[in-house]
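Residue-level structural notes
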Amino acid sequence: MLANFEAALHAPGPAPELAGKLGLYGRFVGSWRMTATTWSDDGAAHQGRGEVHFGWVLQGRAVQDVWVLEGVFYGTTLRIYDPSLDAWHVIWSDPVRQYYARQVGRAEGPEIVQEGANAAGARLRWRFTEITERSFRWLGARSLDAGASWHTQADFRLTRVQGED
């Protein structure tokens, strides 16, 4: 039996046998409003408002999101739990800016930390922090010197859209 694309991609919830582990990112499923500050390499700050949508995909074995900040980016992240690592493969794609990154994500205390590199080889550290049921903060940093120093590139503050919990 063939399903359509949406039915084949989306899932109603986490795969039952992995539900405990999938909750790390699964708690974000729903829609969020975002206030954003980004910094260019010259230190200039840019502010804006956007939206983020998280959902279960691939038979509930992954969480996918779409981040929209008009005029800055429009991209998606696929987060797939890997039991052999007890961590998540995180793949970001922004076809508007042609920006791609691959990371590994894990819980670190009350935060989630994703570390990896972008397509140009720069080291990245992206963190979910200040996490509550209704809000969280996402910080993105980049290192051009193998982690000796870090430059904050983004500070996103998100609030859950009412009725999305």
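Scroll up for the structure.
Residues numbered from 1 in each chain as written. Predicted model: local features only at pLDDT ≥ 70, side-chain atom pairs only at ≥ 80, totals over all residues. Heavy atoms only, no water.

1. Brief notes about the side chain of Thr 38
Here Thr 38 lies in strand 1 (residues 30-39). Residue Thr 38 is classed as buried on the basis of its relative accessible area of 12%. The contacts of Thr 38, once residues within four sequence positions are left out, are Ala 44, Ala 45, His 46, Leu 69, Gln 153, Ala 154 and Phe 156. (Helix = DSSP H or I, 4+ residues; strand = E, 2+ residues; numbered from the N terminus. Buried < 20%, exposed > 50% of the residue type's maximum accessible area, 1.4 Å probe, protein only. Contact = heavy atoms within 4.5 Å.)

2. Details of the side chain of Gln 114
Tracing the backbone shows Gln 114 in strand 7 (residues 111-118). Using a relative accessible area of 0% as the deciding quantity, one classes Gln 114 as buried. Dropping the residues within four chain positions of it, Gln 114 is found in contact with Tyr 25, Arg 79, Val 90, Gln 103, Val 104, Gly 105, Leu 124, Arg 125, Trp 126 and Phe 128.

3. Quick word on the packing of aromatic side chains
Inspection of the entire model under this criterion finds 17 aromatic pairs. Seen in terms of ring centroids, Phe 28 and Phe 54 are 5.5 Å apart; in terms of plane orientation they differ by 35°. Their pairing is tilted. A residue pair is termed long-range when its members are at least 10 positions apart, and Phe 28 in the loop between helix 2 (19-26) and strand 1 and Phe 54 in strand 2 (residues 45-57) qualify at 26 residues. Residue classification places Phe 28 among the buried residues on the basis of a relative accessible area of 1%. According to the relative accessible area criterion, Phe 54 is buried, its value standing at 6%. With a centroid separation of 5.8 Å and 55° between ring planes, the pair formed by Phe 73 and Phe 156 is classed as tilted. Here Phe 73, found in strand 4 (residues 73-82), pairs with Phe 156, found in strand 10 (residues 151-160); they are 83 residues apart in sequence, far enough to count as distant. Note on Phe 73: relative accessible area 8%, which makes it buried. Accessibility expressed as a relative area gives 4% for Phe 156, which makes it buried. In this structure, Arg 97 is placed above the aromatic ring of Tyr 99, and the distance from its NZ or CZ to the ring centre is 5.0 Å. It is Arg 125 that lies over the ring of Trp 150; its NZ or CZ is 4.0 Å from the centre. (Phe/Tyr/Trp six-rings, centres within 6.5 Å; stacked < 30°, edge-to-face > 60°. Lys NZ or Arg CZ within 6 Å of the ring centre and 35° of its normal.)

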